[in-house]
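# Structural overview
These are the residues of each chain, in order.
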Amino acid sequence: MNIPLSSPDITELEIKYVTDVLKTPYLSLGPKLNEFEEKFAEYIGAKHAIAVNSGTSGLHLCIKALGISEGDEVITTSFSFIASASCLLYERAKPIFVDIDKSTLNICPDKIEEFIEKSISQNRQHKIKAILPVHVFGHPCDMQKIMGIANRYNLLVIEDACEALGAEYGFRETQGNGMRYTIPEFVNKKTALNSTLSNHTRETIKWKKAGTIGKVGVFAFYPNKQMTTGEGGIIVTNDKRISDTCKSLRNQGRSSNSRWLKHVRLGYNYRISDINCALGLAQLQRLEEILQKRERIANLYNQILKNCKGFRIPYVDPSVRMSWFVYVLHLDEEFGEKERDSIINALKRKGIACSNYFPPIHLQPIFVNLFGYRNGALPITEKIAERTLALPFHNNLTEQEVWFIAETLKGEINRRI
Ligand SMILES: *Cc1c(COP(=O)(O)O)cnc(C)c1O
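Presented here is a report on the structure given in the accompanying data block. These numbers were taken from a predicted model, which means no experiment stands behind them.

## Side note on the overall build of the protein
Within the protein one finds 14 helices and 14 strands. Here the C-alpha atoms of the protein give a radius of gyration of 22 Å, agreeing with the 22 Å that 2.2 N^0.38 yields for 417 residues. C-alpha atoms of the protein, sized along the principal axes, occupy 70 × 60 × 55 Å. Across the 417 residues of the protein, 55% fall into the buried class. Restricting to contacts in the protein with at least 6 residues of sequence separation, those with at least 24 account for 74%. Entry remark: accessible area of the protein is about 19000 Å², with carbon and sulfur atoms responsible for 50%. Taking the 54 positively charged and 46 negatively charged side chains of the protein as two groups, their mean positions are separated by 3 Å.

## Section: the packing of aromatic side chains
Counted according to the given criterion, the structure contains 17 aromatic pairs. Where Phe 97 meets Tyr 373, the ring centres are 5.6 Å apart and the plane angle is 55°; that geometry is what we call tilted. Highlighted residues: Phe 97 in strand E3 (residues 94–98) and Tyr 373 in the loop between helix H12 (365–371) and helix H13 (379–385), separated in sequence by 276 residues. Judged by its relative accessible area of 7%, Phe 97 falls in the buried class. The class of Tyr 373 is buried, set by a relative accessible area of 18%. An aromatic cluster of at least three residues, connected via ring pairs, comprises Phe 36, Phe 40, Tyr 43, Phe 219 and Phe 221. Against the face of Phe 81 rests Lys 225, its NZ or CZ located 6.0 Å from the ring centre. The lysine or arginine in question, Arg 321, covers the ring of Trp 207, its NZ or CZ lying 4.0 Å from the ring centre.

## Remarks on the site of the ligand
Around the ligand sit 14 residues in total, of which Gly 55, Thr 56, Asp 160, Glu 163 and Lys 225 are the nearest. One of the side-chain N or O atoms of Thr 56 is found 2.4 Å from an oxygen atom in the ligand. Contacts to the ligand include Glu 163, whose side-chain N or O atom sits 2.6 Å from an oxygen atom. Isolated, the ligand exposes 380 Å² of accessible area, and the fraction of that covered by the protein chains is 92%. Among the elements that line the shell around the ligand, the one with the most residues is helix H3 (residues 55–65), at three residues. Residue classes in the shell around the ligand are distributed as six nonpolar, five polar and three charged.

## Details of the packing of helix H10 (residues 287–305) against helix H14 (residues 399–416)
Helices that pack against each other are described as a pair by the angle of their axes relative to one another and the distance between those axes. At a minimum axis separation of 10 Å, H10 and H14 run at an interaxial angle of 35°. As for how H10 packs across H14, the hand of that crossing is right-handed. Contacts between H10 and H14 pair Ile 297, Leu 300, Tyr 301, Ile 304 and Leu 305 from the former with Glu 399, Val 402, Trp 403, Ile 405, Ala 406, Glu 407, Leu 409 and Lys 410 from the latter. In terms of residue class, the contact of H10 with H14 is built from 10 nonpolar, no polar and three charged.

Rules used in this analysis
- Residues numbered from 1 in each chain as written.
- Predicted model: local features only at pLDDT ≥ 70, side-chain atom pairs only at ≥ 80, totals over all residues.
- Heavy atoms only, no water.
- Helix = DSSP H or I, 4+ residues; strand = E, 2+ residues; numbered from the N terminus.
- Rg over C-alpha atoms; globule rule 2.2 N^0.38 Å.
- Buried < 20%, exposed > 50% of the residue type's maximum accessible area, 1.4 Å probe, protein only.
- Contact = heavy atoms within 4.5 Å.
- Areas by Shrake-Rupley, 256 points an atom, 1.4 Å probe, with all protein chains shown as cover.
- Lys, Arg positive; Asp, Glu negative; His and termini not counted.
- Charge placed at Lys NZ, Arg CZ, Asp CG, Glu CD.
- Phe/Tyr/Trp six-rings, centres within 6.5 Å; stacked < 30°, edge-to-face > 60°.
- Lys NZ or Arg CZ within 6 Å of the ring centre and 35° of its normal.
- Near = heavy atom within 4 Å.
- Polar contact = N/O pair within 3.5 Å; in protein donor to acceptor, adjacent residues only side chain to side chain.
- Nonpolar A, V, L, I, M, F, W, Y, C, P; charged D, E, K, R; others polar.
- Axes fitted to C-alpha atoms, helices over the stretch in contact; angles between N-to-C directions.
- Left-handed = near helix turned anticlockwise from the far one by under 90°.

This is how it looks when you write it as structure tokens:
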């Protein structure tokens, strides 16, 4: 057995689309770039899509285009891939890490508000410019609360949707008596979803795709993501000015209507080639199939691993439609980081690749050096990060492989209880 942690899902369609581009002279800034951007924007439901050479580049351009700069503070999560915070450091902005929700593993809205209120009491709230939620592992953040906070305190929202292509968040809205308002937050979520509030008031759920809720959203197409372009990423927004700025920044600061060698701002080469875009077009065409395959595998894991001793399966909140990026278990309290790592190594020896998604960003050496973070700064993030275990997860895992992985894992856990 040799089961990788992830693996892209490439068919003859992808091979055809890529080789078709290779038979043309348009390897970059050609027709496939526009086609990919248009089709992606249509799929996701945003006015503009700007494709770039990585998700990290996309995040960086968003920070720049929104005018976030030296000394500005952006509230985000430490339980994520490093890029969601390094994009801030490129512009010398300061990431403010707040703790996560222990079920969804996403940034905790109450902690965001706590930080803002504290800043207000110290009269330093003017530094806070934005919230950067990460829909970690494909589970959307509590966007109802986050957008509420952003509106109340006049903050921008940059969604890192790099792990959440296809995920959706259900906004709760009530209608009746010609009135339309949002359910107060103190109403229990489950009750609210199922109940009729009064004779004249009816509740509806308005589903929105992750990445299209804030001012800007970013997706990534590295080979382990839901869909791939080899390397690549895309920014989505409804704001034409931001879209134009991002297009200029990715292409050496050229303005869209000026001649080729005229540069109106400091730009980058963050372009994505038409070869990568062609690969993306084939994957986009197959996206529903891809997402369904992933859901089927996650459901099979869930079915075999639910109610086992020693760990719990991934939590999915009723307010979201998950898009499965990885399959991450959470070990019980009795296990620590050492036991978790020893389980990972035992599985590796049996040909099952596993990983410790994610070591917290604030404890990475670069962040410790820059900001002096210590153990204990974010108790929930740290406690959870020591106990997460990502199992192999990709479209072409067979049922037998899933059973083999699950049974091997159960064996390793039971030996340690
Ligand atoms: C993958 C990922 C990115 C961007 O990744 P690239 O490798 O630069 O495409 C950013 N944020 C998160 C949370 C990610 O998982």
